[in-house]
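Structural features, examined
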Amino acid sequence: SQQGEEDPQALSIQEGENATMNCSYKTSINNLQWYRQNSGRGLVHLILIRSNEREKHSGRLRVTLDTSKKSSSLLITASRAADTASYFCATDGGNKLVFGAGTILRVKS
Amino acid sequence: KAGVTQTPRYLIKTRGQQVTLSCSPISGHRSVSWYQQTPGQGLQFLFEYFSETQRNKGNFPGRFSGRQFSNSRSEMNVSTLELGDSALYLCASSLGTRQETQYFGPGTRLLVL
């Protein structure tokens with residue numbers, strides 16, 4: 001079974017709004033990563049947060065990690081149409097990277 | 001630096017055939033991982049190679065195999081293709097440690113008829 005599970009499965013927002021995606025996982029981790037995938041293409045790494053970090057920023061992205069709740073969230077601020085993509089969290093489960101099912105984000109212009 | 005490249009980008013095969021996919025990692029990266037992505041199962045780990053050795057393997061049948069060459073390029077092979085093998089096959093490279101940032105190629109889309 002997958003280590004990370006994203007919520008919601010799909011999200012549709014207007015350009016300029018913020019988008020928040022959540023990820024829950026099952027076992028202890030060393031780090032958690034977020035990736036983006038545009039329609040049927042390869043994944044692009046967005047951000048990595050280590051287990052001893054609580055929050056991390058990269059441009060319009062903000063990631064939080066709560067190891068006590070085994071959850072993480074990805075916030076995209078001031079969204080753009082180009083942010084339309086699938087977003088995956090990935091955790092280091094059992095010596096390999098394990099991906100969640102992903103959140104499909106649609107940003108309407 | 002050039003990114004991860006995968007060839008071919010698209011492939012159509014029939015049941016029972018075999019297929020070989022190729023992946024060239026980013027220069028200097030020694031770890032190559034392969035993933036299968038389908039609408040039903042999502043992204044699933046196939047295997048990882050590091051310095052020509054398989055370091056980890058996912059839960060796939062023995063029909064799925066791979067190898068890595070001394071220049072870090074990697075190939076994966078699927079024998080006796082089944083309809084369910086239709087998927088996007090993604091290759092990712094990283095410097096060396098398992099759980100660090102992975103850089104993905106564009107993928108090979110395989111259709112089995």
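Placed above this text is the structure.
All values reported here derive from a predicted model rather than from experimental measurement. (Residues numbered from 1 in each chain as written. Chains lettered and ligands numbered in written order. Predicted model: local features only at pLDDT ≥ 70, side-chain atom pairs only at ≥ 80, totals over all residues. Heavy atoms only, no water.)

Comments concerning the environment of K57 of chain B
Residue and element names in this part refer to chain B. Checked against the element boundaries, K57 lands in strand β6 (residues 53–57). Counting along the chain gives 30 residues from K57 to A87, while the straight-line C-alpha distance between them is 18 Å. Within the local environment of K57, its side chain forms a polar contact with the backbone oxygen of F60, the two atoms lying 3.2 Å apart. (Helix = DSSP H or I, 4+ residues; strand = E, 2+ residues; numbered from the N terminus. Polar contact = N/O pair within 3.5 Å; in protein donor to acceptor, adjacent residues only side chain to side chain.)

Remarks on the sheet that holds strand β7 (residues 64–68) of chain B
Residue and element names in this part refer to chain B. Taken in spatial order, the four strands of this open sheet run β1-β3-β8-β7, and their pairing is antiparallel. At either margin of the open sheet sits one strand with a lone partner, and together these are β1 (5–7) and β7. Geometrically, the sheet is characterised by an average inter-axis angle of 20 degrees between neighbouring strands, direction not taken into account. (Pairing = 2+ DSSP bridges. Axes fitted to C-alpha atoms, helices over the stretch in contact; angles between N-to-C directions.)

Observations regarding the interface of chain B and chain A
Interface size is often expressed as the accessible area that is lost when the parts come together. On the side of chain A, 18 residues touch chain B, which itself brings 19 residues to the contact. Regarding the contact of chain B and chain A, the summed buried area is about 1500 Å², with carbon and sulfur atoms giving 54% of it. Across the chain B-chain A interface, the total number found is zero salt bridges. The tally of links between chain B and chain A comes to four residue pairs in polar contact (both at pLDDT 80 or more). Listing elements by their share of the side of chain B that touches chain A, those giving two or more residues are β4 (31–38), β5 (42–50) and β9 (87–94) of chain B. Looking at the side of chain B that touches chain A element by element, the count peaks at four residues for β5 of chain B. Each residue belonging to the side of chain B that touches chain A can be placed in one class, and the counts come to seven nonpolar, eight polar and four charged. (Contact = heavy atoms within 4.5 Å. Buried area = accessible area lost by both parts, 1.4 Å probe. Salt bridge = Lys/Arg side-chain N within 4 Å of Asp/Glu carboxyl O. Nonpolar A, V, L, I, M, F, W, Y, C, P; charged D, E, K, R; others polar.)

Observations regarding the environment of S93 of chain B
Residues and elements named next belong to chain B. Tracing the backbone shows S93 in strand β9. Along the backbone, S93 and S74 are 19 residues apart, and their C-alpha atoms lie at a distance of 10.0 Å. When neighbours within four sequence positions are excluded, S93 is seen to be in contact with V4, P25, I26, H29, S31, V32, T101, Q102 and Y103. Here the side chain of S93 touches H29 through a polar contact of 2.8 Å, side chain to side chain.

Re the pattern of salt bridges
All names here are of chain B. Overall, the coordinates contain eight salt bridges over all chains when judged by the stated rule. In this structure, R67 and E75 form a salt bridge, with 3.3 Å as the shortest nitrogen-oxygen distance. Assessed through its relative accessible area of 16%, E75 is described here as buried. Here the salt bridges share partners, and the residues they tie into one network are R63, E82 and D85. (Buried < 20%, exposed > 50% of the residue type's maximum accessible area, 1.4 Å probe, protein only.)

None of the figures reported here should be taken as evidence of function without further support.
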